[in-house]
Protein chains: 2
Amino acid sequence: MKQNIYDNDTFFSKYQEIRARENNYNNLLEQPNFFRLLPTLKNKIVLDIGCGIGDFAAYCISQDAKSVTGIDISSNMIANAKKLHIHEDLYFEQVAFEDMKVSNGTIDFISSSLAFHYIADFQLLIKEISTALCEGGILVFSLEHPIETANMGKENWITNEEGNLLHFAVDNYQNEGLRTLNWLVDNVIMYHRTMSTIINTLIENGLQIEKIIEPIPTKEALCDLPSLSKEFRRPSFLIIRAKKI
Amino acid sequence: MKQNIYDNDTFFSKYQEIRARENNYNNLLEQPNFFRLLPTLKNKIVLDIGCGIGDFAAYCISQDAKSVTGIDISSNMIANAKKLHIHEDLYFEQVAFEDMKVSNGTIDFISSSLAFHYIADFQLLIKEISTALCEGGILVFSLEHPIETANMGKENWITNEEGNLLHFAVDNYQNEGLRTLNWLVDNVIMYHRTMSTIINTLIENGLQIEKIIEPIPTKEALCDLPSLSKEFRRPSFLIIRAKKI
């Protein structure tokens, strides 16, 4: 199933509101750690899967990447990306990764920020990524952490009568697949996978794990957004760097 | 700190009672999955860290390993191992791994079942394992899962008033280090590490991840021990195979 929630107008406008705030989880937690795993970009052929409004693709161009293609299934996102970022080596395309034609072994670096948990067939996704990457090519991606997605759809921060957080509830960990949640709008779909499925799928497709990050906030980020202190109690995100061998 | 809880007489006799039952978590869940990750043992030089009463070391001999050394810091365990298993290529030694003298690059296969969560300095442990392994040598180890150890010391299965399990409580995930729990006796010590620490420590020490397992029970195991159904809700164990590169 190719979910295209970002073309739901209500969702998209609420999403834009969140992202417009500087103090959000992406800017303060996910992105700084995602950047820690990047390879050098100079002269690289880059593909960004789930590129959104194209900020990261444009960043790669600013770092002298040879060419950067950003893809997203949302026409809203691609329309914005094309308006915001114009460069002769920067391409945006409204297409699902599964439907994109990429010549085998031609990409140096594939990136994807917080998109893979929307994709139903992880096995196929990783197989095609591995095929597209050149030998020694790098994949860096972030997704919702399996601890976070396991019981998704329920309220997992358990509070006492005074409203204080007691702990985070994990359940259904081994039951992989569809999760439905109400985030910005009703019935957003995500997919839960275990840590072992994520890691083994990479390895089985010839992608060697180089580093994983379960991000924690810096002191500065905590000052800007105190609710990030919950990240010490359970991780929200998982970020992985792997190399095609 | 080198904890030697297995030389506490009360602990050891209770532990022996549990292990004497055929239907325990080790026999039904951890061991079958541990065995799935083993390399061929024929003609291999094997070191088993935390060998207990030596059953696995003896199994390696039965599979034509060239020589097998089992080490454990518990004199109870080593005394039992020496009584139970006698073979000219099988050695048992009461020593902590950190204190053992192993020539660099001489071991083909290092195994460790449910012992690493007792070891304080994981970084040093993995560094020494990597040094001891030959090129292409294999490490297979199991330990308590980070989801299980994060909030260890508290009762983490949350129940409703009728006593039904609601969910598993995760907390303090990023706070690595000592956990004190009451298991068989008071104040057993374990160490919590995050998934990223475990995996990155292996990689940083030249050990390439080959596969990880978060075990689930078979139908037969569930019949023998129905409480194993909890394993679908959160994983108890993590089992990793890595190769020295």
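Residues numbered from 1 in each chain as written. Chains lettered and ligands numbered in written order. Predicted model: local features only at pLDDT ≥ 70, side-chain atom pairs only at ≥ 80, totals over all residues.

A. Layout of the overall build of chain A. When you go through chain A residue by residue, the secondary structure sums to eight helices and 11 strands. Taken over the C-alpha trace, chain A has a radius of gyration of 18 Å; the compact-globule value for 245 residues is 18 Å, and the two agree within 12%. With respect to the principal axes defined by its C-alpha atoms, chain A has extents near 55 × 40 × 35 Å. Out of the 245 residues in chain A, the part that is buried amounts to 42%. Looking at chain A alone, contacts between residues at least 24 apart form 66% of all its contacts between residues at least 6 apart. (Helix = DSSP H or I, 4+ residues; strand = E, 2+ residues; numbered from the N terminus. Rg over C-alpha atoms; globule rule 2.2 N^0.38 Å. Buried ≥ 20, exposed ≤ 12 C-beta atoms within 10 Å, placed from the backbone. Contact = placed C-beta atoms within 7 Å.)

B. Region of the structure containing the sheet that holds strand 7 (residues 165–170) of chain B. Spatial ordering of the open sheet is given by 6(A)-7(A)-7(B)-6(B), a layout of four strands whose pairing is antiparallel. Each edge of the sheet is formed by a strand with only one pairing partner; in this case those strands are strand 6 (157–159) of chain A together with strand 6 (157–159) of chain B. On average, each strand axis in the sheet is inclined to that of its neighbour by 50°, with strand direction left out of account. With three bridges joining them, strand 7 (residues 165–170) of chain A and strand 7 of chain B adopt antiparallel strand pairing. The residue of strand 7 of chain B that forms the bridge with A:Phe168 is B:Val170. (Pairing = 2+ DSSP bridges. Axes fitted to C-alpha atoms, helices over the stretch in contact; angles between N-to-C directions.)

C. Representation of the relation of the copies chain B and chain A in the model. Superposition record for chain B on chain A: RMSD 0.0 Å, screw rotation 180°, translation along axis 0.0 Å. A rotation of that kind, with that shift, is consistent with a two-fold axis. Taking the C-alpha atom as reference, chain B places B:Ala169 closest to the rotation axis, 2.5 Å from it. Both copies contact each other with a shared surface, as 97% of the interface residues of chain B are interface residues in chain A too. (Least-squares fit on C-alpha atoms with pLDDT ≥ 70 in both.)

D. Focus on the sheet that holds strand 5 (residues 133–144) of chain B. Residues and elements named next belong to chain B. With mixed pairing, seven strands are arranged side by side in an open sheet as 3-2-1-4-5-11-10. With partners counted over all chains shown, the strands left at the sheet margins are strand 3 (90–94) and strand 10 (207–213), one partner each. Adjacent strand axes in the sheet meet at a mean angle of 15°, parallel and antiparallel pairs treated alike. Relative to strand 3, strand 2 (residues 67–72) is paired through five bridges, and the arrangement is parallel. Residue Asp 72 lies in a different strand from strand 3, and its bridge partner there is Gln 94. On top of the sheet, helix 7 (residues 195–204) reaches strand 10 and strand 11 (237–244); it is set at about 150° to strand 10, its chief contact.

E. Broad picture of helix 5 (residues 122–132) of chain B. Residues and elements named next belong to chain B. Of the residues making up helix 5, those classed as buried are Leu 125, Ile 126, Ile 129, Ser 130 and Ala 132. One side of helix 5 carries all its buried residues, which in axial view fall inside an arc of 165°. Where the residues of helix 5 are buried, they touch strand 1 (45–49), strand 4 (107–113), strand 5, helix 7, strand 10 and strand 11. (Arc of directions from axis to C-beta.)

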